[in-house]
There are 6 protein chains.
Amino acid sequence: MSRPSSRSPDQLREVKITRNYTRHAEGSVLVEFGDTKVLCTASVEESVPSFLRGKGEGWVTAEYGMLPRSTHTRMAREAAKGKQSGRTQEIQRLIGRSLRAVVDLKALGERQITVDCDVIQADGGTRTASITGACVAVHDAVSKLVADGKLAANPLRDWVAAISVGIYKGVPVLDLDYPEDSDCDTDMNIVMTGSGGIVEVQGTAEGTPFSRAELDALLALGGQGIAELVRLQKQAVG
Amino acid sequence: MSRPSSRSPDQLREVKITRNYTRHAEGSVLVEFGDTKVLCTASVEESVPSFLRGKGEGWVTAEYGMLPRSTHTRMAREAAKGKQSGRTQEIQRLIGRSLRAVVDLKALGERQITVDCDVIQADGGTRTASITGACVAVHDAVSKLVADGKLAANPLRDWVAAISVGIYKGVPVLDLDYPEDSDCDTDMNIVMTGSGGIVEVQGTAEGTPFSRAELDALLALGGQGIAELVRLQKQAVG
Amino acid sequence: MSRPSSRSPDQLREVKITRNYTRHAEGSVLVEFGDTKVLCTASVEESVPSFLRGKGEGWVTAEYGMLPRSTHTRMAREAAKGKQSGRTQEIQRLIGRSLRAVVDLKALGERQITVDCDVIQADGGTRTASITGACVAVHDAVSKLVADGKLAANPLRDWVAAISVGIYKGVPVLDLDYPEDSDCDTDMNIVMTGSGGIVEVQGTAEGTPFSRAELDALLALGGQGIAELVRLQKQAVG
Amino acid sequence: MSRPSSRSPDQLREVKITRNYTRHAEGSVLVEFGDTKVLCTASVEESVPSFLRGKGEGWVTAEYGMLPRSTHTRMAREAAKGKQSGRTQEIQRLIGRSLRAVVDLKALGERQITVDCDVIQADGGTRTASITGACVAVHDAVSKLVADGKLAANPLRDWVAAISVGIYKGVPVLDLDYPEDSDCDTDMNIVMTGSGGIVEVQGTAEGTPFSRAELDALLALGGQGIAELVRLQKQAVG
Amino acid sequence: MSRPSSRSPDQLREVKITRNYTRHAEGSVLVEFGDTKVLCTASVEESVPSFLRGKGEGWVTAEYGMLPRSTHTRMAREAAKGKQSGRTQEIQRLIGRSLRAVVDLKALGERQITVDCDVIQADGGTRTASITGACVAVHDAVSKLVADGKLAANPLRDWVAAISVGIYKGVPVLDLDYPEDSDCDTDMNIVMTGSGGIVEVQGTAEGTPFSRAELDALLALGGQGIAELVRLQKQAVG
Amino acid sequence: MSRPSSRSPDQLREVKITRNYTRHAEGSVLVEFGDTKVLCTASVEESVPSFLRGKGEGWVTAEYGMLPRSTHTRMAREAAKGKQSGRTQEIQRLIGRSLRAVVDLKALGERQITVDCDVIQADGGTRTASITGACVAVHDAVSKLVADGKLAANPLRDWVAAISVGIYKGVPVLDLDYPEDSDCDTDMNIVMTGSGGIVEVQGTAEGTPFSRAELDALLALGGQGIAELVRLQKQAVG
């Protein structure tokens, strides 16, 4: 088996994390997993949704979108269609949950961080790149709150990153790009923390169901990829 | 640790599968997992969505809804709000994918089966009950197609069922009811076939991330529960 | 003339009223008029809509929906379409008005009762079954308020029930089922109280207009049916 | 009892029917019931809705709207809110059914007439004025089809008009204006043909239920008003 | 070149301004530019949008709509479609900005004037007629506030009117009607005050771009038309 | 007067045009006017909207959006709100009209070019940057059609660019940035072709109306800016 990109089965695409990509947001990160490019901005708002008001706790949430021509053929603009697809909603809920797993919401105080993940160019793995970049954007936003004296301690307890794994032509491979993703029997997204805790596991058999042994192989591969991504996150923030 | 329902950690709630619950649908099943009751109807339509037209293949899809007062406090009616929540869309996409994993779409021919899963009463696990009941409704609908001479062979290749597992007060438990679900560190939904293949695994750390060992324990427990559910599905259809 | 169901012209279908059908709602009634089955739940909320705030009065309102496959062929789900049909809105407004005619809103105090009428199976007469069942659900909900010491006196002043009448093959008949309803010249829904007051009369000529004499015959037939329904409501609550 | 307008109980407001009020529509009628003014335009389209295609039959439908400041205080514009209220939908369905009761849809051929009833100024009775004016607009539109040689015979079989009646301070009165409508125990809208057939009867008890005797009195009063309205319709078309 | 209407190039259509056209609104004006007829009502509300609350300033806004059959062929009703077109939104934003240019919002105090411009009959120039009529409606509404003692001084600082100009068959012409508008190379809407200040200029080349010299000719023609319209506004209010 | 950016009144911000910014679109241009950055992608589709089908003509249209945190404070995502604002619709209609002014739609053949202008970072002038960048994206897309042999000749007849001008502290200035735009009496957007034809002029008095002399000064300034932008467009494509 050889991967379309000629990568080895356990090899990530080239990952780049560019901080301060735009200038208005409290955290602004362009994350690239090969040709997949996602702009992740973290916006701090000094209020919380109504269900948290007066509880002394903060909130972290995410929204996700794809530019209409981030993809091979143009997709209809969700704002023009007047609704977000089920896929969009699934992804933004996943990003939000993943971030909340590593933010101490009590330590954040009554404020909300909204992370917008907008896909500039898509080549598979937009949700995993989003989570990985969003965590750095949140890091930068909360660091700014600490620097501005609004927070005494950093509420980010750990790093969180995400990667896809799948069984491509019978072989477990790491970090699927679009050609692999389109031709894959089993596809799994794994979200883990810097200390190795599992936050989310979402595996789907596209065709034939997969076995427990395959699942184990994919989890091992994913854990390895996440460790590398967390190393890159730490390196990006110096 | 004792479960609120006094069940042992590996014990399912009482499961009931009532076929022909309503009279218009080609398949109509009331599935009960304890106090969770979902009506699953399978409707056959002699046409397919436009992306499949002329390809000689069928389609299986699902829609999900909760009656406004199926829950402890009344939820707003989605039809009145004018949109389905992200949660609703996630669940109905999951049900559809799970069913398609066991239906031979080519053997189904150019027709669509729409399964409606409507929650009459909710006490945790509505999505797993829905998948388990929906599979029986699809069975009945395709059996009718065979009986009516519209299909030569049964396109249902295997059974598919689903169960939730979670870590409740530190102990892995099977088939979470609402009180457990609300107070659970880790929550996983597992969808498997009668022959033991994994179709979907979706695990989420609600608070602290979970470890690989915990994941393994949950998968084992889930596999056991699915085996029992498939036995009950087979028993229900005689 | 013989009715498709072989009933005599002034004969109701078999009516069943099952209380406490689901366990979360303050009132939960499954009402059956033959093959028409509607689940009516009454939910009490300790607040009122903004137009009544601070006036010391309560409110009773209703929502109506049909499960997609409650009907002969599957109807599109209103939540998925993103709006309720004109028919749905007409019916839920009618149910709300009918209930308010027998509830003393001042005696109810500043709280709202929302009755959800969800059609599980349809065979004609879903709106009349809904009103008839909803009144029992409201009865149970207000009885609970009295039992809980939240209300000193019962604000339900009378019973209210509804029935359809129509001219089928030239003969006035009571309680139309679906085959009659589809093939009927004139169709009338009558809502009356236990003491014989008229709350709503809605008569429509589907084809040829009807005469005053026909209207009189239908009103007589309807009054008779309502009396029987109120007897059954009283019997259901013991 | 004296009516706010000093009319006798069986007296209509001054009714004016102005044809050719605007110049683009095939039928364009301004109808005035006292201070209630509704513009009714009938538009002919040489096609039918899909459920009628190829059946050789036509269709008549109606849409209704109120200008935002047709009322005492400004109402939100439905186009800006993004949906039509339940009341609007009820009224436009009623107007459509009333017109179809007097149009021979087979004789109309495969074309659709859409009547738009837009309320310029409201003072009670907008739906009854709409039906009464819409019938004249349809008359003019079908006369034009006959004059243009598109139809051999006039498909309008009879006139149809509508009036409200109610019990105001204990007395049955004809043609309620806004002050009466707001302070009325029972409110009924009656739609009848020129030959005295009943098309629709919709009576509602706003407070206390009404008796059969009251219903009879209202029906008698309404029949009288309709006869006068049909006389005015005939006079308007010469 | 001769215009379809036989007007000279610098000739307005006959303009009529009828005040108090309907009776509920604080200002109600029917404005006619030839066959274009727009009802402009000004409604005063004793509150302001949230972005102005507590600032001691008022607001003037506008909404615009066309009756479905104001046009040659029937347009779909925006309330039924569930959204306002881009064109509608552009026009209502333009009307609002134009009116705010001549109202002293501080002098108006914390109240809002909403002007509804509803097109009864369209023959080109509905937005310019709307602005011209709306200004008179606002005049009447603020005069009423002064007369009622709610305002000490009149907050209307100047008149504002609008006219279209265009290049039709190579010749600059004033006040385009529908046949000219449909067959015009360049189309410009000009909004000016009574004292000759320019409030808005919106020029669009429909086909070939236009030159600076053409622009100058159109501006001169427009200024002339506006002066005449302001004279008619003043004459209308006596 | 000194501009916040220290530019001279007739000085553009630094303008950068980066072609092939993303890899899927037929034309992909990042245009920067100082801190304003807009990604313009041109997508070619081998079909036309239904109103053009079978006429042998093509179409060019545009969609516009702002990333939620392209602005100083986060804006709500239009896809999440379920509708595009009036401002968004105005801008995308303007971009589309501007592009159609320089594309020979007959020469384009029955295909559509959709240009998406997505604002990555906003600092005033997003619509003028969009038009300027979009023209280059269209250039690249049609060049590709010619290179691929799908078109014999280039249907782009001229360049089109746009710039804002305004009166800032009494002085006419070119290319407003956000601080100027927020504090400006008069604001005008000018769209012109490479050969100096005017395509659109949209001038608005934010406060005091402006005079004809001011308008002339702004038009002169704008013409100068456009000439420079067209020089940069030509330079960008070599």
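Note that the coordinates shown come from a computational prediction; the quantities given were computed from them, not determined experimentally. (Residues numbered from 1 in each chain as written. Chains lettered and ligands numbered in written order. Predicted model: local features only at pLDDT ≥ 70, side-chain atom pairs only at ≥ 80, totals over all residues. Heavy atoms only, no water.)

Enquirer: Just to check I follow, could you spell out the overall build of chain A for this structure?
Expert: Scanning chain A for helices and strands turns up 6 helices and 9 strands. Each principal axis of the C-alpha distribution contributes one length, and for chain A these read about 55 × 40 × 30 Å. Looking at chain A as a whole, 60% of its 238 residues qualify as buried. Of all intrachain contacts in chain A linking residues separated by at least 6 positions in sequence, the fraction that spans at least 24 positions is 69%. When the 28 basic and 31 acidic side-chain charges of chain A are each reduced to a single mean position, those positions are 5 Å apart. (Helix = DSSP H or I, 4+ residues; strand = E, 2+ residues; numbered from the N terminus. Buried < 20%, exposed > 50% of the residue type's maximum accessible area, 1.4 Å probe, protein only. Contact = heavy atoms within 4.5 Å. Lys, Arg positive; Asp, Glu negative; His and termini not counted. Charge placed at Lys NZ, Arg CZ, Asp CG, Glu CD.)

Enquirer: Teacher, can you tell me more about unusual backbone geometry here?
Expert: Among all residues except glycine, the phi angle is most often negative; among peptide bonds, the trans geometry is most common. The phi angle at D175(A) is positive, at roughly 60°, despite the residue not being glycine. On the secondary structure map, D175(A) appears in the loop between β7 (171-174) and α5 (178-181).

Enquirer: Could you clarify how one ought to interpret the packing of helix α6 (residues 212-236) of chain E against helix α6 (residues 212-236) of chain F in this entry?
Expert: How two helices pack is summed up by the angle between their axes together with the distance between the axes. In the contact formed by α6(E) and α6(F), the axes pass within 13 Å of each other and the chain directions differ by 160°. Taken together, the axes of α6(E) and α6(F) lie roughly antiparallel to each other. Like other packed secondary-structure pairs, α6(E) and α6(F) cross with a definite hand, here right-handed. Contacts from R212(E), L215(E), D216(E) and L219(E) in α6(E) reach R212(F), L215(F), D216(F) and L219(F) in α6(F). (Axes fitted to C-alpha atoms, helices over the stretch in contact; angles between N-to-C directions. Parallel < 35°, antiparallel > 145°, perpendicular 65-115°, else oblique. Left-handed = near helix turned anticlockwise from the far one by under 90°.)

Enquirer: Hey, could you run me through the packing of helix α2 (residues 86-100) of chain E against helix α4 (residues 126-147) of chain E in this one?
Expert: Residue and element names in this part refer to chain E. For the pair α2 and α4, interaxial distance at closest approach is 10 Å and the crossing angle is 40°. When the axes of α2 and α4 are compared, the pair comes out oblique. In this structure, α2 meets α4 at a crossing whose hand is right-handed. Of the residues in α4, those in contact with R87, I91, L94, I95, S98 and L99 of α2 are T126, R127, S130, I131, A134, C135 and V138. Of the residues in the contact of α2 with α4, the class split is 8 nonpolar, 3 polar and 2 charged. (Nonpolar A, V, L, I, M, F, W, Y, C, P; charged D, E, K, R; others polar.)

Enquirer: Quick question: what am I supposed to make of the interface of chain B and chain C here?
Expert: Many descriptions give the size of an interface as the accessible area lost when the pieces come together. If you look at the interface, chain B gives 36 residues, while chain C gives 37 residues. Both faces considered, chain B and chain C share a buried interface measuring about 2900 Å² in area, 47% of it formed by carbon and sulfur atoms. In terms of surface lost to chain C, no three residues of chain B exceed H24(B), R69(B) and R77(B), which account for 25% of the buried area on that side. Scanning the region where chain B abuts chain C turns up 16 salt bridges. Linking E26(C) and R69(B) is a salt bridge whose minimum nitrogen-to-oxygen distance equals 2.7 Å. Taken together, the elements giving at least two residues each to the side of chain B that touches chain C come down to β3 (36-45), β4 (59-66), α1 (78-81) and β5 (112-121) of chain B. Along the lines of polarity and charge, the residues of the side of chain B that touches chain C split into 12 nonpolar, 12 polar and 12 charged. (Buried area = accessible area lost by both parts, 1.4 Å probe. Salt bridge = Lys/Arg side-chain N within 4 Å of Asp/Glu carboxyl O.)

Enquirer: Any chance you could explain the pattern of salt bridges here in plain terms?
Expert: For side chains of opposite charge, pairing can occur when their charged atoms come near one another. In total, this model carries 150 salt bridges over all chains according to the counting rule given. Between R19(C) and D140(C) there is a salt bridge, with its nearest N and O atoms 2.9 Å apart. Separated by 121 residues along the polypeptide, R19(C) in strand β1 (residues 15-19) and D140(C) in helix α4 (residues 126-147) bring together distant segments of the chain. Among the residues examined, R19(C) registers a relative accessible area of 29% and is labelled partly exposed. Note on D140(C): relative accessible area 8%, which makes it buried. When the shortest N-O distance is used, the salt bridge between K144(F) and D148(F) registers 3.2 Å. Classification of K144(F) by relative accessible area gives partly exposed; the value is 38%. Beyond isolated ion pairs, a larger network of salt bridges with shared partners links R3(A), R7(A), R13(A), D35(A), D123(A), D175(A), D177(A), E180(A) and R23(F).

Enquirer: Explain α4(E) here, please?
Expert: Three- or four-residue spacings in an α-helix give side chains the same orientation, since the helix completes a turn every 3.6 residues. Taking 1.5 Å of rise per residue, 22 residues should cover 32 Å, and α4(E) covers 31 Å from first to last C-alpha, within 8% of that figure. Of all 22 residues in α4(E), 18 are buried, a share of seventy percent or more. (Expected span 1.5 Å × (residues − 1).)

Enquirer: Quick question: what am I supposed to make of the confidence of the model for chain A here?
Expert: Residues with a pLDDT of 70 or more make up 100% of chain A, whose mean pLDDT is 96. What the predictor reports for the complex is a pTM of 0.93 with an ipTM of 0.95. (pLDDT = per-residue confidence, 0-100.)

Enquirer: I tried to follow the relation of the copies chain B and chain C on my own but got confused; where do I start?
Expert: The operation linking the two copies of the chain is a rotation about an axis combined with a translation along the axis. Mapping chain B onto chain C calls for a screw motion: a turn of 180° about the axis and a shift of 0.0 Å along it, with 0.0 Å RMSD after fitting. On this basis, the relationship between the two copies can be described by a two-fold rotation axis. (Least-squares fit on C-alpha atoms with pLDDT ≥ 70 in both.)

Enquirer: It is not clear to me how helix α2 (residues 86-100) of chain B should be interpreted in this structure. Could you clarify?
Expert: All names here are of chain B. The terminal C-alpha atoms of α2, which comprises 15 residues, lie 21 Å apart, in line with the 21 Å expected from a rise of 1.5 Å per residue. Of all the 15 residues making up α2, 11 are buried; the element is thus mostly covered by neighbouring parts of the structure. Taken as a whole, α2 has its buried residues at G86, T88, Q89, E90, I91, Q92, L94, I95, G96, S98 and L99.

Enquirer: Looking at this structure, I do not really get the side chain of R3(C). What am I missing?
Expert: All names here are of chain C. Mapped onto the fold, R3 is located in the segment before β1. Since its relative accessible area comes to 2%, R3 is described here as buried. At a separation of 2.9 Å, a polar atom in the side chain of R3 contacts the main-chain carbonyl oxygen of S8. Within the local environment of R3, its side chain forms a polar contact with the backbone oxygen of Q11, the two atoms lying 3.5 Å apart. (Polar contact = N/O pair within 3.5 Å; in protein donor to acceptor, adjacent residues only side chain to side chain.)

Enquirer: Sorry, what's going on with the sheet that holds strand β8 (residues 186-193) of chain C here?
Expert: In sheet architecture, strand pairing relies on hydrogen bonds along the backbone and comes in two forms, parallel and antiparallel. What the 8 strands build is an open sheet, ordered β7(C)-β6(C)-β8(C)-β9(C)-β9(D)-β8(D)-β6(D)-β7(D); its pairing is antiparallel. Only two strands of the sheet have a single partner each, and these edge strands are β7 (171-174) of chain C together with β7 (171-174) of chain D. Each neighbouring strand pair of the sheet contributes to a mean axis angle of 15°, computed without reference to strand direction. Bridge count for β8(C) against strand β9 (residues 198-205) of chain C is 7 bridges, and the pairing is antiparallel. Within β9(C), the residue paired with D187(C) across the bridge is T204(C). Along the sheet, α4(C) contacts β6 (160-168), β8 and β9 of chain C; its crossing angle with β6(C), the most-contacted strand, is approximately 165°. Across the sheet, helix α6 (residues 212-236) of chain C is in contact with β6, β7, β8 and β9 of chain C together with β9 (198-205) of chain D; its angle to β6(C) comes to roughly 140°. (Pairing = 2+ DSSP bridges.)

Enquirer: What is the right way to look at the UniProt feature "binding site: phosphate" (unreviewed entry) in chain A in this model?
Expert: Per the UniProt annotation, the sites labelled "binding site: phosphate" (unreviewed entry) are R87(A), G125(A), T126(A) and R127(A). On the basis of their most widely separated C-alpha atoms, the annotated residues across 41 residues gather in one place, lying no more than 13.4 Å apart. If you trace the backbone, R87(A) turns up in helix α2 (residues 86-100). With relative accessibility at 28%, the residue R87(A) sits in the partly exposed group. Ignoring any residue separated from it by four or fewer positions in sequence, one finds R87(A) in contact with Y64(A), M66(A), T126(A), R127(A) and R93(B). Along the chain, R127(A) falls in helix α4 (residues 126-147). Here R127(A) is in contact with R87(A), I91(A), L94(A), N189(A) and Q202(A), once residues within four sequence places are set aside. (UniProt positions renumbered as here; feature names shortened; annotations may be inferred.)

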